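Geometric and topological summary
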Amino acid sequence: MAEKTNVAATPVRAERGSLRFRRIKNSIFLSGLSVFAQLYLFQPVLPLLCKEFDITPAASSWAVSASTLGMAVGLFIFSLKADALPRKQLMGFAMLASAVLTLISVFIHNFPLLIAVSFVRGAILSGVTAVALAYLSEEVSTGALGLAISLYLSGNAIGGMAGRIIVMLIAGWADWRWAAVFVGVSSLILGLFFMKRLPDSKHFVPHPVNISYKWQQMGVFFRQPVIVLIYFAALLLMGAFVSIYNYTGFHLEAPPFSLPHYVIACIFLMYTLGVLGTMVSGRLSDKIVPAKLIRFFIPAIAVGLLLMLIPQLVAFVAGLGVFTFSFFGTHTLSSRIISQEAREGKSTATSLYWLFYYAGSAIVGTATGVVLTGWGWDIFISSLLLLVLGGFLLVFRAGKK
């Protein structure tokens, strides 16, 4: 009888179709919406920041890079401390506190101060990113994990898309500050809903963190070639991705396109293809080894970049669509590879993955702005192609390990 009681008392991971799984996937999806909408709040309005603060495109990109750099720093801190904090409470606090900072940014009229607040907001948002994938890998069954991860990343994509479109439209017709009000209030509501609906962890118990042990654990990860290669590939590929979306607005408002802001805003509907990319790659990764599947997605990123060299709007939009679909597919597969390779310390492994990911966004996203300003669009795209090639070579080598 004792044996039966113990078996019955053992928590079961959420299976696809169960009520618990639906609540998990819906809540995690909403967290992705909030994180990306806030993290890239200023990306679609960089041209407006240039005019208001009298700065260059590369300098304006710090409004975005500060957030992602804060995210990277926060992820490093949480990679040491996350296992001592309840998953749900950490994510909920991060969503609510970041929403408050987004609302505070409305009242800032000094660009360096705006950068500082963006940095802090990014660091706080890292509380969601640091443990979301770990939470899923702990609470969701293996057979449903690919779907759960793809839904979380879909939330990222839709949050990024909706945030960019709505912010750009509101900023074009009113002011970027009103756009920030909308994002801040919406994120506050999402945070409250998240805290109410996300199930508590059943397979994780917070425990005191031994910092020296965490350093040793990181050392173990950095001695695993597959994990290290995927980390650096994520840095390069995310750098290319955020660079495109940082500076596409500048390119499309200039000749030969000369598009108005409300048309440029529609370009960000390409993020729907990012959602499709996460769903397709997530489902395929349940059947095909992710390390092999990812080799087909990265070359497609390069194809999208090449199409964006053609000075015709149809070709540019098609290229942006291919680029976005393929990037999010690659990102989903990379996330799953890290989750599978890290047998222990999953939150630490995934936090380090996101650290490299957002470090690439911050560093490369600003550096490529200098390339664009100094040498123009064609050289800018060529530099991104080199980054994608580097990412492909790293992933290809990882698949050989």
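So, a few notes on the structure that sits alongside this text.

Quick look at the pattern of salt bridges now. Tallying each qualifying case throughout the model produces seven salt bridges. Here Arg-16 makes a salt bridge to Asp-286, at a shortest N to O gap of 3.7 Å. A residue pair is termed long-range when its members are at least 10 positions apart, and Arg-16 in the loop between α1 (2-9) and α2 (19-39) and Asp-286 in the loop between α13 (271-284) and α14 (290-307) qualify at 270 residues. Close ionic contact of Glu-52 with Arg-177 constitutes a salt bridge, the shortest N to O distance being 2.6 Å.

Within the element layout of this structure, Ser-339 appears in helix α15 (residues 313-341). Overall, Ser-339 belongs to the buried group, its relative accessible area being 7%. With 194 residues separating them along the chain, Ser-339 and Leu-145 place their C-alpha atoms 9.9 Å apart. When near neighbours in sequence (up to four residues on either side) are disregarded, Ser-339 contacts Ser-137, Leu-145 and Lys-346.

Residues of helix α10 (residues 211-221) that are buried: Lys-214, Gln-217, Met-218 and Phe-221. Take α10 and look down its axis: the buried residues cluster within an arc of 100°, on one side only. Looking at the buried residues of α10, the elements they touch are α5 (62-81), α11 (225-253) and α16 (346-375).

What follows is about the packing of helix α8 (residues 142-173) against α13. Contact geometry of α8 with α13 gives a least axis separation of 8 Å together with a crossing angle of 175°. Classified by the interaxial angle, the pair formed by α8 and α13 is roughly antiparallel. Along the contact surface, α8 presents Gly-146, Leu-147, Ser-150, Leu-151, Leu-153, Ser-154, Ala-157, Ile-158, Gly-160, Met-161 and Arg-164, while α13 presents Tyr-271, Thr-272, Gly-274, Val-275, Thr-278, Met-279, Gly-282 and Arg-283. Of the residues contributing to the contact of α8 with α13, the split by class is nine nonpolar, eight polar and two charged.

Turning our attention to unusual backbone geometry. The omega torsion across Pro-255 and Pro-256 is 5°, close enough to zero to call that bond cis. Of note in this structure, Asp-54 is not a glycine but carries a positive phi near 55°. With respect to the helices and strands, the residue Asp-54 is situated in the loop between α3 (46-53) and α4 (57-60). Asp-54 gets classed as exposed once you look at its relative accessible area, which sits at 70%. Of note, Ser-258 is a non-glycine position whose phi angle comes to about 50°, a positive value. Within the secondary structure layout, Ser-258 lies in the loop between α11 and α12 (261-267). What makes Ser-258 partly exposed here is its relative accessible area of 45%.

Thresholds, definitions, all that
- Residues numbered from 1 in each chain as written.
- Predicted model: local features only at pLDDT ≥ 70, side-chain atom pairs only at ≥ 80, totals over all residues.
- Heavy atoms only, no water.
- Salt bridge = Lys/Arg side-chain N within 4 Å of Asp/Glu carboxyl O.
- Helix = DSSP H or I, 4+ residues; strand = E, 2+ residues; numbered from the N terminus.
- Buried < 20%, exposed > 50% of the residue type's maximum accessible area, 1.4 Å probe, protein only.
- Contact = heavy atoms within 4.5 Å.
- Arc of directions from axis to C-beta.
- Axes fitted to C-alpha atoms, helices over the stretch in contact; angles between N-to-C directions.
- Parallel < 35°, antiparallel > 145°, perpendicular 65-115°, else oblique.
- Nonpolar A, V, L, I, M, F, W, Y, C, P; charged D, E, K, R; others polar.

This is a description of form; function is not addressed.
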